[in-house]
Amino acid sequence: METGRGIKMGSEIGVMKDFYINMGPQHPSTHGVLRLVLKLEGERVITSETVLGYAHRGVEKMAESKSYIQMMPVMDRFDYVSAVLFEWGYIGAMERALGVVPTERAEYIRVIIGELNRIASHFVWVGAFLLDLGAFTPLLWVFDAREKIMDMFEEVSGQRMTCNYFRVGGVKDDITPEFLKMCDDFLKMIRGRVKDTEELIESIIFLERVKDIGFITKQDVINYGLTGPVARGSGVNYDVRKSEPYSVYDKIDFEVPLEEKGDCFARYRVRMREIIQSIRIIEQALAMLPEGPHAEKAPKTIKLPEGEYYYAVETARGNLGVYLRGDGTAKPSRFKLRDPAYSNLCIIDNLIAGHRISDVVAILGSIDIVVPEIDR
Amino acid sequence: MALVSLTDNFKMEKIERTYQQTGFSQSFLLKDKEEIVKVAGSFKSEEYFLETITAFDKADGIRMLYVFNKQGNVDRNVVYLDAAYEEELVSLTGVYEAAVWFESEVFDMFGNTFKGHPCLKRLLTPEGFKGFPLLKTWKPEEV
């Protein structure tokens, strides 16, 4: 039967073929501006294509016209959830180039601040992950705990999220007695809070949503270059803090939590267990905190000698590599980030194929992405 | 370790510098561009992962960096490869899936294409963008 619009009824309309849906660029579960073009058959995803670049600011080009010091606050603006850890990578690369060794006290302060940031990042992740899955209350719980970390950052650096706290040779200011008191109160409360959050979250509804979906094998981890909790959720023992110990991590006793299964639930478990390990690290670092200056004397203008410098740190999302190429002037001739979420996200198209559309939200959430870091 | 024999098996020279100086455990300059696939294959058979592929503009062409690293203990190897501007190189996507996005980004920023890449396209810059921004000759006014 002709409908008058050139469409034959019954023959093709009844079976919908090649149905596409744009998930994003402004979808709550893409945490920023990321687009997944999903080809669907009913509720099931056949193929998917990731479209990046909505938050691309060309920072790698911008760095070539900015001095090394001007770039320092920019480092906070990639992964704003674990900003301090990104500063660490950049400062580390410069220290490697200049041969500056930070003071002992500065190293421990960095570890304390860095691990606090990791806890904050994992808390934000778990809140946002649960929000994606339809649970609102955990977000408020975790933001309450994160708020205390933000207050501590404000106390030491004057900023809550984009701290700009690390300097070549140390940190901007010494930690205050008030900070130590806040830290003490926080550590008394936090273990209980992690336990409460786990008990609140791990209901049958949550487990049904995240178990046995989005499997990543050990082979995938090597093939796609996955790092961080995504790799450790598949039983791969890879943590830059252990494999390439920077700062004073080799003097601190902590475990690398591993889960063997490789599904979304395993990645959730890894992050929750990592919070406990971060607490252990902070407790030890506070006990070992030596007296002394908080920063080494560093040159006022930084000029990197000719050559290439690479420095890797473990951020909350995985292995961050900062590549700097100096040419003897005050500006880098090449600045490159090997960012963890970019590498972790590249598996997503293959990972979600074959899953239902509601699982896409859970799988994407379990990867833990921050879009400004991916797009740069 | 098999990787000690890299310089024997392939036309590459070792660049002498230490991990403390640069963060790279070993650095190689590969002479034959076609061999990068075999080099990557031998890294993969030793369970190295591809940490990144990037490049920089060295005024008379592009120098590519292929960074391979080990998961357990750090052994960051960088393999350099010199190419002309907008030259077609061989893709590593057959060896490592991670190369898909890394090579797309190099294409987007430097203009080198990759033979055998399944979906080479601009990844980060907007649709209809002209020029290759990380070349030293590119100026923001071109936008």
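In this report, the structure presented in the accompanying data block is examined. (Residues numbered from 1 in each chain as written. Chains lettered and ligands numbered in written order. Predicted model: local features only at pLDDT ≥ 70, side-chain atom pairs only at ≥ 80, totals over all residues. Heavy atoms only, no water.)

Observations regarding the packing of helix H5 (residues 137-157) of chain A against helix H6 (residues 177-201) of chain A
Residues and elements named next belong to chain A. We count it as follows: Orientation is described by axes fitted as lines to C-alpha atoms, over the contacting stretch for helices, and by angles from 0 to 180 degrees between their N-to-C directions. The numbering of helices and of strands both runs from the N terminus, where a helix is a DSSP run of H or I of at least 4 residues and a strand a run of E of at least 2. The cut-offs work like this: below 35 degrees is roughly parallel, past 145 is roughly antiparallel, 65 to 115 is roughly perpendicular, and the gaps in between are oblique. Should the near helix be turned counterclockwise from the far one by less than a right angle, the crossing is left-handed, whereas a clockwise turn marks it as right-handed. In this description, contact between two residues means that some pair of their heavy atoms is separated by no more than 4.5 Å. Gly is placed with the polar residues, together with every amino acid not listed as nonpolar (Ala, Val, Leu, Ile, Met, Phe, Trp, Tyr, Cys and Pro) or charged (Asp, Glu, Lys and Arg).
Relative orientation of the contacting elements H5 and H6 amounts to 165 degrees, with a least axis distance of 10 Å. Between H5 and H6, the angle falls in the class roughly antiparallel. Crossing handedness for the pair H5 and H6: left-handed. Between H5, through Pro138, Trp141, Val142, Asp144, Ala145, Lys148, Ile149, Asp151, Met152, Glu155 and Val156, and H6, the contact on the second element is made entirely by Glu178, Phe179, Met182, Cys183, Phe186, Met189, Ile190, Arg193, Asp196, Thr197, Leu200 and Ile201. Broken down by class, the residue content of the contact of H5 with H6 amounts to 15 nonpolar, one polar and seven charged.

Concerning the sheet that holds strand S2 (residues 35-41) of chain A
Residues and elements named next belong to chain A. Rule in force here: Pairs of strands are assigned from DSSP output, requiring at least two bridges between the strands.
Read from one edge to the other, the open sheet built from three strands follows the order S1-S2-S3, with strand pairing classed as antiparallel. Each of the sheet's edge strands pairs with one partner strand only, and the pair in question is strand S1 (19-23) and strand S3 (44-51). The average angle at which neighbouring strand axes cross in this sheet is 25 degrees, direction not considered.

Details of unusual backbone geometry
Under the convention used in this document: Relative accessibility under 20% of the residue-type maximum defines a buried residue, over 50% an exposed one, and the middle range a partly exposed one, all with a 1.4 Å probe and only protein chains included.
For Asp212(A), which is not glycine, the phi dihedral falls at a positive 60 degrees. For Asp212(A), a relative accessible area of 45% gives the class partly exposed. Here Glu47(B), not a glycine, exhibits a phi torsion of approximately 65 degrees, which is positive.

Notes on the packing of aromatic side chains
All names here are of chain A. Formally: Here a pair means two rings of Phe, Tyr or Trp (six-membered ring of Trp) with centres within 6.5 Å. Their orientation is stacked below 30 degrees between planes, edge-to-face above 60, and tilted elsewhere.
The tally for this structure, following the rule as stated, stands at 24 aromatic pairs over all chains. On the basis of an interplanar angle of 70 degrees and a centroid distance of 5.6 Å, the ring pair of Trp88 and Phe166 is categorised as edge-to-face. Residue Trp88 is found in helix H3 (residues 83-98), and its partner Phe166 is found in strand S4 (residues 166-167); the two are separated by 78 residues along the sequence. In this structure Trp88 comes out as buried when scored by relative accessible area, which is 1%. Measuring from ring centre to ring centre gives 5.9 Å for Tyr90 and Phe335, while their planes differ by 80 degrees; the resulting arrangement is edge-to-face. With a gap of 245 residues between them, Tyr90 in helix H3 and Phe335 in strand S8 (residues 334-338) connect regions that are remote in the sequence. The class of Tyr90 is buried, set by a relative accessible area of 1%. Three or more aromatic residues joined by ring pairs make a cluster, and in this case those are Trp88, Tyr165, Phe166, Tyr246, Tyr249, Phe254 and Tyr311.

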